[in-house]
Amino acid sequence: MEDEVDRLVAAWRRERPDLDVEPLEVLSRVSRLARHLDRARRLAFAEHSLEPWEFDVLTSLRRAGAPYQLSPGQLLTQTLVTSGTMTNRIDRLAQKGLVERLPDPTDRRGVLVRLTPEGQDRADEALAGLLAQERAILGELTDRQRAELASLLRQLTAPFDNVPG
């Protein structure tokens with residue numbers, strides 16, 4: 001079965017036979033798949049009145065386990081945003097009643113961000129919706145193919161995820 005990337009690669013091979021365009025065969029597909037995944041994520045989150053960034057913060061807290069709380073610094077590490085951005089996000093989520101700020105018992109100057117019961121429910125429901133969308137995207141692959149693809153993608157992403165700082 002031919003896809004748009006096959007047509008793109010064929011055109012570049014015709015127009016620029018002096019270049020090795022083989023990386024496009026993989027990475028253009030990854031890029032296109034990322035756009036489809038982004039649309040699916042937005043749809044799954046919108047069904048639960050969440051923005052993608054809200055889902056990221058709520059699920060970071062949810063994955064922390066009971067009592068579902070982290071410091072703002074830990075949230076920064078998990079969501080890869082700046083301190084100012086995180087402060088704004090916590091404020092907005094607190095206004096919606098999805099998180100609350102609590103004093104950090106180990107640091108009088110610090111705070112902890114805790115998921116509220118409503119925040120937990122929204123995170124759980126949105127995750128279930130996201131997984132349904134993602135299963136549909138992967139539906140053409142067998143279990144073995146999905147495992148092989150996950151392994152190959154891990155090889156490509158691990159160096160980026162393990163860069164210090």
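Residues numbered from 1 in each chain as written. Predicted model: local features only at pLDDT ≥ 70, side-chain atom pairs only at ≥ 80, totals over all residues. Heavy atoms only, no water.

Naming follows an unreviewed UniProt entry, where the chain appears as MarR family transcriptional regulator of Actinacidiphila acididurans.

Caption draft 1: Here's a closer look at the overall build of the chain. Secondary structure assignment for the chain yields seven helices and three strands. For the chain, the sequential pattern of α-helices and β-strands runs α-α-α-β-α-α-β-β-α-α. Taking 2.2 N^0.38 as the reference for a compact globule, 165 residues should give roughly 15 Å; the C-alpha atoms of the chain span a radius of gyration of 20 Å, well beyond that estimate. Dimensions along the principal axes, computed over C-alpha positions, put the chain at roughly 65 × 35 × 30 Å. Relative to its full complement of 165 residues, the chain shows a buried share of 25%. (Helix = DSSP H or I, 4+ residues; strand = E, 2+ residues; numbered from the N terminus. Rg over C-alpha atoms; globule rule 2.2 N^0.38 Å. Buried < 20%, exposed > 50% of the residue type's maximum accessible area, 1.4 Å probe, protein only.)

Caption draft 2: Summary view of the environment of H36. Inspection of the secondary structure assignment puts H36 in helix α2 (residues 22–46). In this structure the C-alpha to C-alpha distance between H36 and D107, which are 71 residues apart in sequence, comes to 43 Å.

Caption draft 3: A look at the layout of surface pockets. Taken as a whole, the largest pocket spans an internal volume of roughly 1200 Å³. Lining of the largest pocket is provided by 29 residues; of these, V30, L33, L138, L149 and L153 occupy positions nearest its centre. When residues in the lining of the largest pocket are grouped by element, the largest group, 11 residues, is from α2. Its residues assigned to classes, the lining of the largest pocket comprises 17 nonpolar, two polar and 10 charged. (1 Å grid on protein atoms, 1.4 Å probe; cavity = no way out; pocket = protein on both sides within 12 Å on 5 of 7 lines; lining within 4 Å. Points joined across faces, edges and corners; volume = space filled by probe spheres on them. Nonpolar A, V, L, I, M, F, W, Y, C, P; charged D, E, K, R; others polar.)

Caption draft 4: Molecular detail of helix α7 (residues 143–161). Helix length check: α7, at 19 residues, gives a terminal C-alpha distance of 25 Å against a target of 27 Å (1.5 Å per residue), a fit within 8%. Roughly 35° is the biggest bend found in α7, and it falls at Q155, with proline P159 one to four residues downstream. (Expected span 1.5 Å × (residues − 1). Bend = angle between axes of the 7 residues up to and from the residue.)

Caption draft 5: Expanded view of the UniProt feature "domain: HTH marR-type" (unreviewed entry) in the chain. Here, UniProt's "domain: HTH marR-type" (unreviewed entry) annotation points to residues 23–158. Secondary structure across residues 23–158 divides into 69% helix and 12% strand, with the first and last C-alpha atoms of the span separated by 18 Å. (UniProt positions renumbered as here; feature names shortened; annotations may be inferred.)

Caption draft 6: Expanded view of the pattern of salt bridges. Under the criterion given, the structure shown has 15 salt bridges. Measuring nitrogen to oxygen at the nearest pair gives 2.8 Å for the salt bridge that ties D3 to R29. Placement of the pair is D3 in the segment before α1 (4–15) and R29 in helix α2, with a sequence separation of 26 residues. On the basis of relative accessibility, which here comes to 25%, the residue D3 falls in the partly exposed class. A network of salt bridges, in which partner residues are shared, links E2, E4 and R7. (Salt bridge = Lys/Arg side-chain N within 4 Å of Asp/Glu carboxyl O.)

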